[in-house]
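# Architecture at a glance
Here are the chains, one letter per residue:
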Amino acid sequence: MTQLPIIFACSHHREGNSDYAASLFLDGIRKAGGDAEIVYIGDLDFHHCMGCLKCRTSKDNICIFAKKDEAQRLYQKIIDAPFTFFAAPIYFYHLPSRLKTFIDRGQWAFEAMNQSESQIAKLQERVSYACLVAGRPRGEKLFDGAELTLKFFLKFFKVALESTITFRGIDSPQDLKGDPEKCQLLIQAGTQAWERSLNP
Ligand SMILES: Cc1cc2nc3c(=O)[nH]c(=O)nc-3n(C[C@H](O)[C@H](O)[C@H](O)COP(=O)(O)O)c2cc1C
């Protein structure tokens, strides 16, 4: 395996539940003999998609902001990675805004996919995993919007969102750390993801 898996930690603050979920998933990968890179999306600022649709007609569907921030470099990581993992809190029934801005900027890849542009068309099918953490203990549709958005976005890169671990009632920054069962689930998920990537 030449490129490392990418773990996106998507909370806007450090050392909370999503960061911990990301580090446990990494522990699981390492337990299986692998490694991965963690990207802290919440620390990054992206230009927001203007809906200018220049990416519909530009060469390689390039976005007007491609060279102005980190977003394009991160899409390339999704393209190159054998698998990805997203750990995100639920904010107002959805993904946090920096991740959502990054997702909106992925419109270029939607255009590329629709036009069968070679960069996307030549990709193998790959998988992604996610862990969504919500403070509320209840709420039937708590994760629906976030999961649907992530699934649709990843499809542009020929990535299928395989399974999403959802945790309710995890609110204070140390809540996940205090729940060994949930922690174990994340370690196991990391181990399984790595092992699966060796035998796709
Ligand atoms: C702006 C904001 C919006 C939130 N909205 C929701 C929500 O709609 N539903 C919910 O269950 N929890 C909500 N929460 C609680 C977080 O999902 C919860 O505290 C989570 O554990 C934070 O994860 P983190 O430590 O990785 O940031 C919200 C928190 C913030 C800061």
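Quick summary incoming for the structure in this document. (Residues numbered from 1 in each chain as written. Predicted model: local features only at pLDDT ≥ 70, side-chain atom pairs only at ≥ 80, totals over all residues.)

### Details of the nonpolar core
Ranked by internal contacts, the top residues of the largest apolar core, which has 56 residues, are Ala-21, Phe-25 and Ala-87. Of all the elements, helix 1 (residues 17-31) adds the most residues to this core, at seven residues. If near-sequence neighbours (up to four positions away) are discounted, Ala-87 is found in contact with Ala-9, Cys-10, Ser-18, Ala-21, Ala-22, Phe-25 and Cys-131. (Core = buried A, V, L, I, M, F, W, Y, C linked by C-beta atoms within 7 Å. Buried ≥ 20, exposed ≤ 12 C-beta atoms within 10 Å, placed from the backbone. Helix = DSSP H or I, 4+ residues; strand = E, 2+ residues; numbered from the N terminus. Contact = placed C-beta atoms within 7 Å.)

### Focus: the pairing of strand 1 (residues 6-9)
In strand 1, alternate side chains face the same way, and those of Ile-6 and Phe-8 on one face and Ile-7 and Ala-9 on the other are all buried. Both strand 1 and strand 2 (residues 37-40) contribute to a ladder of four bridges, which runs parallel. Among the inter-strand pairings, Ile-7 is bridged to a residue of strand 2, identified as Ile-38. For the segment spanning strand 1, helix 1 and strand 2, crossover handedness is right-handed. In this structure, strand 1 lies alongside strand 3 (residues 83-89), joined through four bridges in parallel fashion. Paired with Ile-7 across the bridge in strand 3 is Phe-85. (Pairing = 2+ DSSP bridges. Right-handed = clockwise from strand over helix to strand, strands pointing away.)

### Concerning the environment of Leu-123
When you line up the elements, Leu-123 lands in the loop between helix 5 (118-121) and strand 4 (126-133). Along the primary structure Leu-123 and Ala-66 are separated by 57 residues, whereas in three dimensions their C-alpha atoms are 20 Å apart. Excluding its chain neighbours within four sequence positions, the residues that come into contact with Leu-123 are Ile-79, Phe-157 and Lys-158.

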